[in-house]
Every structure is written in structure tokens, then in C-alpha cells.
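Chain by chain, the residues run as shown.
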Amino acid sequence: MTESGKPLKVAVLGCGSVGSQVVRLLEEQAADLTARVGAPVELVGVAVRRLDAAREVEVPEGLLTTDAEGLVARDDVDLVVEVIGGIEPARSLILSALENGASVVTANKALLAEDGPTLFEAAAKAGRDLYYEAAVAGAIPILRPLRESLAGDKVTRVLGIVNGTTNFILDKMDSSGAGFGDALEEAQELGYAEADPTADVEGFDAAAKAAILASLAFHTRVTASDVHREGITEVSAADVASATEMGCVVKLLAICELREQPGGEEAVSVRVHPAMIPRTHPLASVREAYNAVFVESEAAGQLMFYGPGAGGSPTASAVLGDLVTVARNRREGVTGAGESAYADRAVLPMGEARTRYHVAIDVDDRAGVLATVATAFAEHGVSIRTVRQEGRDDDAQLVVVSHEATDAQLRATVEHLQQMDSVREVSSVMRVEGGAE
Ligand SMILES: NC(=O)c1ccc[n+]([C@@H]2O[C@H](COP(=O)([O-])OP(=O)(O)OC[C@H]3O[C@@H](n4cnc5c(N)ncnc54)[C@H](O)[C@@H]3O)[C@@H](O)[C@H]2O)c1
Ligand SMILES: N[C@@H](CCO)C(=O)O
Ligand code: NA
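Residues numbered from 1 in each chain as written. Chains lettered and ligands numbered in written order. Predicted model: local features only at pLDDT ≥ 70, side-chain atom pairs only at ≥ 80, totals over all residues. Heavy atoms only, no water.

- In the annotation of an unreviewed UniProt entry, the protein is listed under the name Homoserine dehydrogenase and assigned to Nocardioides marinisabuli.
- If you open the UniProt record of the protein and go to Cofactor (unreviewed entry), you find "a metal cation".
- Reading the Sequence similarities (unreviewed entry) entry of the UniProt record for the protein gives the comment "Belongs to the homoserine dehydrogenase family." (UniProt positions renumbered as here; feature names shortened; annotations may be inferred.)

Have a look at this one:
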């Protein structure tokens, strides 16, 4: 073994699902971490909300404190791990840690998506690292591959299944024919969904991750408010059955795309919504609560990153990976790559996002109706790829799949259809992603 340097002192903020596993791994892997870093990595404090709370890991009593601010202000702390979550006090604690000269590792996607630039600027000003691999898709290495491994390539699209809870629910709906409510209940019984599932099922969690992915992929600042977001609460058993009929499956996707504009410049489109993807697409095989991120780049082509996107221990794996890198950098007196936002591309409004659509329309079953429906699509410049009729008489439905069109064109088409006498209802509109045009 090489000669070890001066110990690096670590403070962990928060000792919940992820924090407790970080503490466990720091203790269990101490010898290997020392060898990998080239210096002992010593836990010197764990900030908690209550000293007497039940914990998944035993923390030596002398290390526990309820004074997180005091812990990050200690001048002997070299590395701070923030796993409290949420905006405050996490943001103030990270900023204090950086100002006090510590390097920071965080898993906090909500904070990074809301106010990442403030944190990146503070890290740059302090000359310290801020790493956050655990913030997107838990254990799956995806942020450092984007930031480092693909730094010489041009990423053109990132498609991600980045929320395990919603993937579990949609997978249940697909495999059992259940509706959203029953699938959610099962996810809650099995501990995949929280009692208040809003952040997951309404797409907030995925939108935060989409903002982080798009920022790294396209070297542009993208925050959560730039991301168009739709959750899965409106996905019906009929939508899922319709997808099956088309050889597709419904997934909640985080979609980050580079789009060439009419003037030749490139802009960024970022959105989270349920979409049909062909069952032959690699993302279709992502079942249960797993996550995966599919990346397309000019030189590499298509890449897929797959694994557990959540859970205390998998997420702690990503945190520890960052901690080792940051500790090594610290020991060598260097920092890793910081924020890269040089491209500063415009973020397109949702109306300009382009994709294909699956539209189910309940219609009167009589001569000429198909022609009027087709005319409505044509009037708004939406080209039809396939159309089929299901049922007949009072039960007739036309299912139209379009070629690529903008969201604005599609919305105008749907409004037009809803005004038509021969249309009883536009019963389902779903985007179709991940296939050939
Ligand atoms: N759990 C996962 O699977 C997962 C996956 C990826 C990322 N993350 C992220 O990791 C972070 C932590 O998530 P978690 O699942 O461990 O949450 P958690 O709720 O289990 O743990 C957070 C802990 O922080 C404590 N805390 C709150 N305020 C505090 C304060 N002021 N000082 C000290 N402690 C305080 C809470 O008591 C709690 O124990 C979040 O940012 C989350 O988004 C979690
Ligand atoms: N709630 C998230 C895990 C943390 O990002 C999920 O369901 O994937
Ligand atoms: Na990750």
C-alpha cells in the first residue's frame, strides 16, 4: 500500500435512508477507501434533526449533532455530504460549507434543479468541488459519463426513465391491465410509493432530473421551471391497452433534445410526460422500479445506462463514488470539471417541441367522417402516418398516429376535432417517442 496522507475529515448532513447508508459504507469500507484515496477518510460528524430518533445505522454518540450549521463551520472539515434534501436549510448549509473551504457531495436533485447556478458559482468562487451523481437515477453512473466520458462528443438527445415509482405503476398497469388508482395503491403497499405520491406521480421529481440532465448534456443552464411537466395520473387502462395494440408500452419519460432551428442555431427542448415507446426500444425493457437513461450522441451513437435509481444503499454507492473522487482531488490540490454552460442555448417553449402523436377519437360511424377528421389534421399541418377504426355504430373510434409535428400544431388539431359535429370525444392523446419517423 502506498503511504497514506493526512486524514480527510467528512461531515454528513442528514441520516435518513441515504445518509445512514453513507455512514455505514464509510465505516465498513474504511480500509479500501483509504487505499483508493491515498489518505484515511474519517467521519467526524453527522448532523441529524433529533438525537434520539431510530436509525438504520449505529452512529457513535460523540459524532451526532443537531447543529448542522456548526458542523459545516468547523475549520477541520474537508468534505461535506448533504443528504437532508429539499431547498432550505440544505442550500444555506452547502453554501456555508463551500465558503468555509469544504468540498461538497449532494444527492439533492430538487435544490440543483431549482438553484444549481448559485451553488456552482459558489463552488467555483471557493475553488472547491461540488459533485452530485446520486441526484439523478441513484446508483446509475450517468452525470459523470455526461460530464466527463462524453465531454468530447456531441450529445443530441437524452431519454430517461428517471422515476422508479412511476415506472413501477406503469409497469403494473401494463402487465395486469390495472387502472392508475389500483396500481398506485399496490405501489404504496409495497413501499415503492410514498403516502403523498405527488412529487413522483405528477412528474416533479422527473422534471428536476430532466433539468439536471439537459444542463450537462447541452452545456446550457436549464432549471426545473424550464421543463414542461405532465404526470401519469391521467394515464388510463385504455391508453395502456391502446399502446399494446400498437406494439408499444407507456413510460414516463424525461426527454432532453437538441433541436436545429430554422436559422441554423441549436436550441434545447426539455419535457417530462407519459409517452408510448415501441416494445423493441431498449427503454421498453425497463421494468418495475428500475431506471434507465438512453443517450444519443453524434460520435458514440446510442448508449444506455441502467440500474437501480433509488434506495438508500444504491444511492449511497453514488455518493461514495463522488466522495472518493472529491477526496482524491482534495489530496492532490486540484478540482474536477465545474459547471459547463458555455453553449448557453435557448430553451424552447413546449409549443415548439416536435414529436409524433397517438390520438383516439370517438366518432359517429358514417360515410365521410374519416375524411373530415383527416382534413382537421391536414389543416393544422399534421401529417397522418396510420389510421384505424375500432368498434362500430355508437361505439366507433378512430385511432390516428401522426408523423412528427409540433405540440402547438397538435393542440390546435385537437381543439378543432372537439368542435366537430361528427366527433363525440377526443378520448386520448398520447405522444409517441423513440421510433423511426
Ligand atoms: N432515497 C432515495 O432513494 C434517494 C435517491 C436519490 C436521491 N435522493 C436524495 O437524497 C436526499 C436524502 O433523501 P433520503 O431518502 O435519505 O431522505 P430522508 O427523509 O430519509 O432523510 C433525510 C434526513 O434528513 C434529516 N434532516 C432534516 N432536516 C435536517 C437538519 N436541519 N439537520 C439535520 N438533519 C436533518 C431528516 O430527519 C431525515 O432523517 C434527498 O435530496 C433525496 O432527493 C434520495
Ligand atoms: N422518488 C424517486 C426516488 C428518488 O429520486 C423515485 O421514485 O425514483
Ligand atoms: Na446517478
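**What about the UniProt feature "active site" (unreviewed entry) in the protein?**
Then step 1. Annotation from UniProt places "active site" (unreviewed entry) at Lys209.
Then step 2. The class of lysine 209 is buried, set by a relative accessible area of 5%.
Then step 3. Each residue touching lysine 209, except ones within four places of it in the same chain, is listed here: Lys109, Ala135, Val136, Ala137, Val162 and Asn163.
Then step 4. A polar atom in the side chain of lysine 209 sits 2.8 Å from the backbone oxygen of valine 162. (Buried < 20%, exposed > 50% of the residue type's maximum accessible area, 1.4 Å probe, protein only. Contact = heavy atoms within 4.5 Å. Polar contact = N/O pair within 3.5 Å; in protein donor to acceptor, adjacent residues only side chain to side chain.)

**Side note on the site of ligand 2**
Then step 1. Lys109, Asn163, Gly164, Thr165, Asp200, Asp205, Lys209 and Ala310 make up every residue found near ligand 2.
Then step 2. Measuring from a nitrogen atom of ligand 2, one finds a side-chain N or O atom of aspartate 200 at 2.9 Å.
Then step 3. About the coverage of ligand 2: the protein hides 80% of its 260 Å² of free accessible area.
Then step 4. Those elements that place two or more of their residues in the shell around ligand 2 are helix H7 (164-176) and helix H10 (204-218). (Near = heavy atom within 4 Å. Areas by Shrake-Rupley, 256 points an atom, 1.4 Å probe, with all protein chains shown as cover. Helix = DSSP H or I, 4+ residues; strand = E, 2+ residues; numbered from the N terminus.)

**Notes on the coordination of the sodium ion (ligand 3)**
Then step 1. Protein-derived coordination of the sodium ion (ligand 3) comes from Glu133 (O), Glu133 (OE), Val136 (O), Gly138 (O) and Ile140 (O), at a distance range of 2.4 to 2.7 Å.
Then step 2. Spacing between the donor residues of the sodium ion (ligand 3) along their common chain follows E-x2-V-x1-G-x1-I. For the residue pair valine 136 and glycine 138, the accessibility class agrees, reading buried in each case. (Donors = N, O, S within 2.8 Å, 3.2 Å for Na, K, Ca; no water.)

**A short note on the side chain of serine 269**
Then step 1. Along the chain, the position of serine 269 falls in strand E10 (residues 266-278).
Then step 2. Using a relative accessible area of 3% as the deciding quantity, one classes serine 269 as buried.

**A look at the domain arrangement of the protein**
Then step 1. For the protein, the domain assignment lists domain 1 (8-138 + 313-332), domain 2 (143-309) and domain 3 (351-432).
Then step 2. Each of domain 2 and domain 3 has a C-alpha centre, and these two points are 25 Å apart.
Then step 3. Counting from both sides, the interface comprises 17 residues of domain 2 and, opposite them, 14 residues of domain 3.
Then step 4. Of all residues in domain 2, Met246, Arg259 and Met276 bury the most surface against domain 3, accounting for 37% of the area lost on that side.
Then step 5. Taken together, domain 2 and domain 3 are joined by two salt bridges.
Then step 6. Here arginine 431 and glutamate 230 are joined by a salt bridge, their closest N and O atoms 3.1 Å apart.
Then step 7. At the junction of domain 2 with domain 3, the criterion picks out five residue pairs in polar contact (both at pLDDT 80 or more).
Then step 8. Of all the elements in the fold, those that place two or more residues in the side of domain 2 that touches domain 3 are helix H11 (237-245), strand E9 (248-260) and E10.
Then step 9. Looking at the side of domain 2 that touches domain 3 element by element, the count peaks at six residues for E10.
Then step 10. Among the residues making up the side of domain 2 that touches domain 3, the classes are represented as six nonpolar, five polar and six charged. (Domains from an automatic or database assignment. Buried area = accessible area lost by both parts, 1.4 Å probe. Salt bridge = Lys/Arg side-chain N within 4 Å of Asp/Glu carboxyl O. Nonpolar A, V, L, I, M, F, W, Y, C, P; charged D, E, K, R; others polar.)

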